[in-house]
Structures are given as C-alpha cells and as structure tokens.
Amino acid sequence: MTRWIGSSLKDFTRRDFLASSALTAALFIAALLLFPANHETEGKGPQVTAQGPLSPR
C-alpha cells in the first residue's frame, strides 16, 4: 500500500493560501527592516572613521 507524505495541491485551501501569503509577506518585511537596501535608511548614529598609518617624514 502506498502512502503519501505531505499534502497535495487538492488539500491546499483558500485559508492555507492566505496564511502562507501573510507569513511570506511578514518574512520579507522583517528582512527589509533588518537589512536596509541603501545607506540612507541606516541609523543616524555617530560616525567612526579609521585613521590610516602615519607616513614617516
């Protein structure tokens, strides 16, 4: 006897589709908030610049 593991497309209801769509949207929003796309969306905290080695005179 063959037994299926998981669900088929027939078992995928409208409620399942809406729930998976909402979870996917939440995942993308969280990724955008955690990893901003450009430097303008980063926080306006204090800037730290590294000073290079001093050249001998």
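Here the structure is a predicted model, which means the values were calculated and not measured. (Residues numbered from 1 in each chain as written. Predicted model: local features only at pLDDT ≥ 70, side-chain atom pairs only at ≥ 80, totals over all residues. Heavy atoms only, no water.)

The helix and strand inventory of the protein chain stands at one helix and zero strands. Within the structure as shown, the protein chain displays about 6,500 Å² of accessible surface, and the carbon and sulfur contribution to it stands at 63%. (Helix = DSSP H or I, 4+ residues; strand = E, 2+ residues; numbered from the N terminus. Areas by Shrake-Rupley, 256 points an atom, 1.4 Å probe, with all protein chains shown as cover.)

For the rest of this paragraph, the subject is a nonpolar patch on the surface. Together, Leu 9, Phe 12, Phe 17 and Leu 18 make up an exposed nonpolar region whose accessible area comes to about 450 Å². By the secondary structure assignment, Leu 9 is in the segment before α1 (14–34). Residue Leu 9 is classed as exposed on the basis of its relative accessible area, which comes to 75%. (Patch = residues over 30% accessible without salt bridge, like charges linked within 9 Å, V, L, I, M, F, W, Y side chains within 5 Å. Salt bridge = Lys/Arg side-chain N within 4 Å of Asp/Glu carboxyl O. Buried < 20%, exposed > 50% of the residue type's maximum accessible area, 1.4 Å probe, protein only.)

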